[in-house]
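Okay, here's what each chain looks like letter by letter:
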Amino acid sequence: KAGVTQTPRYLIKTRGQQVTLSCSPISGHRSVSWYQQTPGQGLQFLFEYFSETQRNKGNFPGRFSGRQFSNSRSEMNVSTLELGDSALYLCASSLTGRQGESEQYFGPGTRLTVT
Amino acid sequence: SQQGEEDPQALSIQEGENATMNCSYKTSINNLQWYRQNSGRGLVHLILIRSNEREKHSGRLRVTLDTSKKSSSLLITASRAADTASYFCALLETSGSRLTFGEGTQLTVNP
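Bear in mind the structure is a predicted one, so any value in this text is a computation, not a measurement.

(A) Broad picture of the sheet that holds strand β7 (residues 61–66) of chain B. Residue and element names in this part refer to chain B. If you trace the five strands from one edge of the open sheet to the other, you get β1-β3-β8-β7-β6, paired in antiparallel fashion. A strand with exactly one partner marks an edge of an open sheet, and here the two such strands are β1 (5–7) and β6 (55–58). Averaged over all pairs of adjacent strands, the angle between strand axes in this sheet comes to 15 degrees, irrespective of strand direction. Note that β7 and strand β8 (residues 71–76) share six bridges and pair antiparallel. Within β8, the position partnered with threonine 64 by the bridge is serine 73.

Following this line, the structure appears as structure tokens:
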């Protein structure tokens, strides 16, 4: 099976712009989770989607949003970018059940730089 | 949600030596997982151990879980330079709804 793919791999944006990141999970996986990783804050959970519904949400402002399509592919959007949004954004997929009950398979990440 | 606390934060060893990393937590858990991350890349799942299990092995990896002490350890035997990476523990609390990741241990294996 193909692994989790994320596009684009690298992105440079300026403050105030918005950005959309895409994630394609492993075939058959219905849960997609998004994480933000920065040197200072570590790995922080953004949200999780399951069967096109947001099932879990972390403590991020409303500028961060996401969605999941019927084929389980997911997108996350960040509006009005700030310098502090510069990070590695990771997507992970897993089989059904409660998030965390089974192993998560991570994509390579999207490195977002905000200037 | 709580997160695991890894110890040490950084570890530097010689090739061939064993590496031990620890993860402590505070409440009851459903499972605890270990992941590896090579610099700037995605995480790779290593081992999942459930609360009713005490030890699991995978190749050169050995994970133990002591629920009475609320701690887990990851042992990498006969380390190789390719094991150089950050290692994270992640836990699912019994009453939680998602995994939470610790800060990680940076392992450097010197050739």
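(B) Representation of unusual backbone geometry in the model. In this structure, the amide linkage connecting threonine 7 of chain A to the following residue, proline 8 of chain A, adopts the cis form with an omega of -10 degrees. Mapping proline 8 of chain A onto the fold places it in the loop between β1 (5–7) and β2 (10–13). Residue proline 8 of chain B is bonded to the preceding aspartate 7 of chain B through a cis peptide linkage, with omega at 0 degrees. Looking at the element boundaries, proline 8 of chain B is found in the loop between β1 and β2 (10–14). With a phi angle near 80 degrees, serine 72 of chain A is a residue other than glycine that sits in the positive phi range. You can see serine 72 of chain A is positioned in the loop between β7 (64–68) and β8 (74–78). Given a relative accessible area of 12%, serine 72 of chain A falls into the buried group.

(C) Fine view of the pattern of salt bridges. Residue and element names in this part refer to chain A. Using the criterion set out here, one finds seven salt bridges over all chains in the structure. Linking arginine 63 and glutamate 82 is a salt bridge whose minimum nitrogen-to-oxygen distance equals 3.6 Å. Taken together, the residues span a long stretch of sequence, with arginine 63 in the loop between β6 (53–57) and β7 and glutamate 82 in the loop between β8 and β9 (87–94) at a distance of 19 residues. Of the residues examined, arginine 63 reaches a relative accessible area of 16% and is grouped as buried. A salt bridge links arginine 67 to glutamate 75, with the shortest nitrogen-to-oxygen separation between them at 3.3 Å. On the basis of relative accessible area, glutamate 75 is assigned to the buried category, the value being 16%. If you follow the salt bridges from partner to partner, you end up with Arg63, Glu82 and Asp85 in one network.

Reading the values: the criteria
Residues numbered from 1 in each chain as written. Chains lettered and ligands numbered in written order. Predicted model: local features only at pLDDT ≥ 70, side-chain atom pairs only at ≥ 80, totals over all residues. Heavy atoms only, no water. Pairing = 2+ DSSP bridges. Helix = DSSP H or I, 4+ residues; strand = E, 2+ residues; numbered from the N terminus. Axes fitted to C-alpha atoms, helices over the stretch in contact; angles between N-to-C directions. Buried < 20%, exposed > 50% of the residue type's maximum accessible area, 1.4 Å probe, protein only. Salt bridge = Lys/Arg side-chain N within 4 Å of Asp/Glu carboxyl O.

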